[in-house]
Amino acid sequence: GEHGDAGGLLLDAHDRVFVAQRLDSSLDAWQMPQGGLDAGEDAQAGALRELEEETGIGAASVEIIARASRELSYDLPPELARTVWGGRYTGQCQHWFLMRFVGTDADVNLETAHPEFRTFMWADPWRLPDLIVSFKKPLYESVLAEFAAHLPARPVS
């Protein structure tokens, strides 16, 4: 089995990415579904499990398009690393998957057994770095770079 986190960049039919706002944060920050792998769990299975646990979107509503060619990681800022998880955590190895959502918004249910998100939206993937908490910006840039070939062209700024 693999270790670390698994995450999903979930695209709808219009190539917009699923992002949601956490219940436990008052920040106006959005994120993609991700979470820790269970011991011995396959990364793809974990990414699908986390997606369902966090959004209610089941595997039947999703097609896996690609897996990131490498494990990505990010480091928590030092002030957070000291407070989060008793200071045991400085960064995380992550396995990212590009997924296509083949369901409808009716398949999204944030009222899960252990709710994590308060609201969601579909956004332009290239807006992701502007929507998220600043310390994840390099990670999300890396995720976008990994899957760029499958995404709409990056707008010329």
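Summary of the structure given here.

Procedures and definitions
- Residues numbered from 1 in each chain as written.
- Predicted model: local features only at pLDDT ≥ 70, side-chain atom pairs only at ≥ 80, totals over all residues.
- Heavy atoms only, no water.
- Helix = DSSP H or I, 4+ residues; strand = E, 2+ residues; numbered from the N terminus.
- Expected span 1.5 Å × (residues − 1).
- Buried < 20%, exposed > 50% of the residue type's maximum accessible area, 1.4 Å probe, protein only.
- Polar contact = N/O pair within 3.5 Å; in protein donor to acceptor, adjacent residues only side chain to side chain.
- Phe/Tyr/Trp six-rings, centres within 6.5 Å; stacked < 30°, edge-to-face > 60°.
- Salt bridge = Lys/Arg side-chain N within 4 Å of Asp/Glu carboxyl O.

So, on to helix α1 (residues 43–55). With 13 residues, α1 ought to run about 18 Å at 1.5 Å a step, and its terminal C-alpha atoms sit 18 Å apart, in line with that. Regarding α1, the residues found buried are Ala43, Gly46, Ala47, Leu48, Arg49, Glu50, Leu51, Glu54 and Thr55. Its side-chain oxygen 3.1 Å from the backbone nitrogen of Gln44, Asp42 forms the N-cap of α1. Of the residues one or two after α1, Gly56 is the one with positive phi, at around 80 degrees.

Our next topic: the packing of aromatic side chains. What characterises a pair of aromatic rings is the spacing of the ring centres plus the angle enclosed by the ring planes. Summed over the entire model, instances satisfying the criterion amount to 4 aromatic pairs. For the pair Trp96 and Tyr140, a centre-to-centre distance of 6.0 Å together with 75 degrees between the ring planes defines the contact as edge-to-face. With Trp96 in strand β6 (residues 91–101) and Tyr140 in helix α4 (residues 137–147), this pair connects stretches of sequence that are 44 residues apart. Accessibility assignment for this pair places Trp96 and Tyr140 in one class, buried.

With that settled, consider the pattern of salt bridges. For the coordinates displayed, the defined rule picks out 11 salt bridges. Across the salt bridge formed by Arg49 and Glu53, the nearest N and O atoms sit 3.2 Å from each other. On the criterion of helical spacing, the pair formed by Arg49 and Glu53 is a turn pair, its members being 4 residues apart in helix α1. Since its relative accessible area comes to 41%, Glu53 is described here as partly exposed. One salt bridge in this structure joins Lys137 and Asp130, with 4.0 Å as the shortest N-O distance. For Lys137, a relative accessible area of 35% puts it in the partly exposed group. Residue Asp130 is classed as exposed on the basis of its relative accessible area, which comes to 61%. Taken together, the shared-partner salt bridges in this structure form one network comprising Asp38, Glu41, Arg49, Glu50 and Glu53.

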